[in-house]
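Residue strings, one per chain:
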Amino acid sequence: MSSDKLLITGEFNFHMDVPTDPNNIHFRDLLDAMGLVQHVKQPTHIHGHTLDLIITRQSDDFTAEEPLFDRFIFDHVAVICSLRTRRPVVELKHAEYRKLKSIDSVLFAEDIRNSTLYIDLPDNLDKLVNCYNTTLSSLLNKQSPMQSRKMRNRPKPPWFDDEIMQARGDRRKAEK
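Residues numbered from 1 in each chain as written. Predicted model: local features only at pLDDT ≥ 70, side-chain atom pairs only at ≥ 80, totals over all residues. Heavy atoms only, no water.

K.L.:
Outline the overall build of the protein chain, listing residues and values.
P.N.:
Assigned secondary structure in the protein chain consists of 5 helices and 7 strands. Each helix and strand of the protein chain, ordered N terminal to C terminal, gives the series β-α-β-β-β-β-β-α-α-α-β-α. Residue burial in the protein chain is summarised as follows: out of 176 residues, 23% are buried. Within the protein chain, counting contacts between residues at least 6 apart in sequence, those at least 24 apart form 60% of the total. Summed over its atoms, the accessible surface of the protein chain is roughly 13400 Å², and 53% of this surface lies on carbon and sulfur atoms. (Helix = DSSP H or I, 4+ residues; strand = E, 2+ residues; numbered from the N terminus. Buried < 20%, exposed > 50% of the residue type's maximum accessible area, 1.4 Å probe, protein only. Contact = heavy atoms within 4.5 Å. Areas by Shrake-Rupley, 256 points an atom, 1.4 Å probe, with all protein chains shown as cover.)

What follows is the structure, given as structure tokens:
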């Protein structure tokens, strides 16, 4: 279900089909105040009352058709409803990375000892910085070349915030 849709289903302890029921009146007022609509119009209980509901926002064109009623399961009928949902837009992002753990530290150290940075240090600061950057970049490219791939960038659900992400990270660390 799309994260921007609201669908409430369930059983309530009052009868939606009894217009004089005070709980029903309060509940319908609440639905109206919240901009919600109840879609089940037929009885859903063996005693002929509407107890099982499907509720959506009035502003959403969320239900594809009126709910259908299947067979009774115990004392309630199975309510079936086709819903229209949009899949979230999946964006592809380009990521570049290196497998730094694959670097052999002995070979890397040997390459540094055989490099210009180790053998023939420049005496000028600008040349030294340039030599440092180019030497280490080329050695890094040799030991762990840059790799790229396209990844799906899925939107986060609205309830998934930084606090939940931190808790998940803490849990993973504790598991290790």
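K.L.:
Go over the side chain of Asp111 with me, naming the residues and quoting the values.
P.N.:
In this structure, Asp111 sits in helix α2 (residues 105-113). Asp111 sits in the buried class, given a relative accessible area of 15%. There is a polar contact of 3.2 Å between the side chain of Asp111 and the side chain of Lys142. Not counting chain neighbours up to four residues away, the residues in contact with Asp111 comprise Leu139, Lys142 and Gln143. (Polar contact = N/O pair within 3.5 Å; in protein donor to acceptor, adjacent residues only side chain to side chain.)

K.L.:
Describe helix α1 (residues 22-34), naming the residues involved and giving the relevant values.
P.N.:
For α1, which comprises 13 residues, the first-to-last C-alpha distance of 18 Å matches the rise-based estimate of 18 Å (1.5 Å per residue) to within 8%. Buried residues along α1 sit in contact with β2 (36-38) and β3 (52-57). Among the residues of α1, the N-terminal cap falls to Asp21, whose side-chain oxygen and the backbone nitrogen of Asn23 are separated by 3.1 Å. A positive phi of about 75 degrees marks Gly35, the residue just after α1. (Expected span 1.5 Å × (residues − 1).)

K.L.:
Go over the environment of Asp120 with me, naming the residues and quoting the values.
P.N.:
Considering the arrangement of structural elements, one finds Asp120 in the loop between α3 (116-119) and α4 (125-143). Along the sequence, Asp120 and Cys131 sit 11 residues apart, while their C-alpha atoms lie 9.9 Å from each other.

K.L.:
Can you lay out α4 for me, pointing to particular residues and giving the numbers?
P.N.:
Spanning 19 residues, α4 covers 27 Å between terminal C-alpha atoms, matching the ideal 27 Å at 1.5 Å per step. Residues Cys131, Thr135, Leu139 and Gln143 constitute the buried set of α4. Angular distribution of buried residues about the axis of α4 spans 75 degrees; they occupy a single face of the element. Along its buried surface, α4 packs onto α2 and α3. For α4, the N-terminal capping position is held by Asn124, with its side-chain oxygen 2.9 Å away from the main-chain nitrogen of Asp126. (Arc of directions from axis to C-beta.)

K.L.:
An account of the pattern of salt bridges is needed here, citing residue identities and associated values.
P.N.:
As enumerated under the stated definition, the model contains 2 salt bridges in all. The partner of Asp111 in a salt bridge is Lys142, and the shortest N-O contact between them spans 3.2 Å. A residue pair is termed long-range when its members are at least 10 positions apart, and Asp111 in helix α2 and Lys142 in helix α4 qualify at 31 residues. We note a salt bridge from Glu175 to Arg171, for which the minimum N-O separation is 3.6 Å. Placement of both Glu175 and Arg171 in helix α5 (residues 162-175) is noted, with a separation of 4 residues, approximately one turn of the helix. (Salt bridge = Lys/Arg side-chain N within 4 Å of Asp/Glu carboxyl O.)

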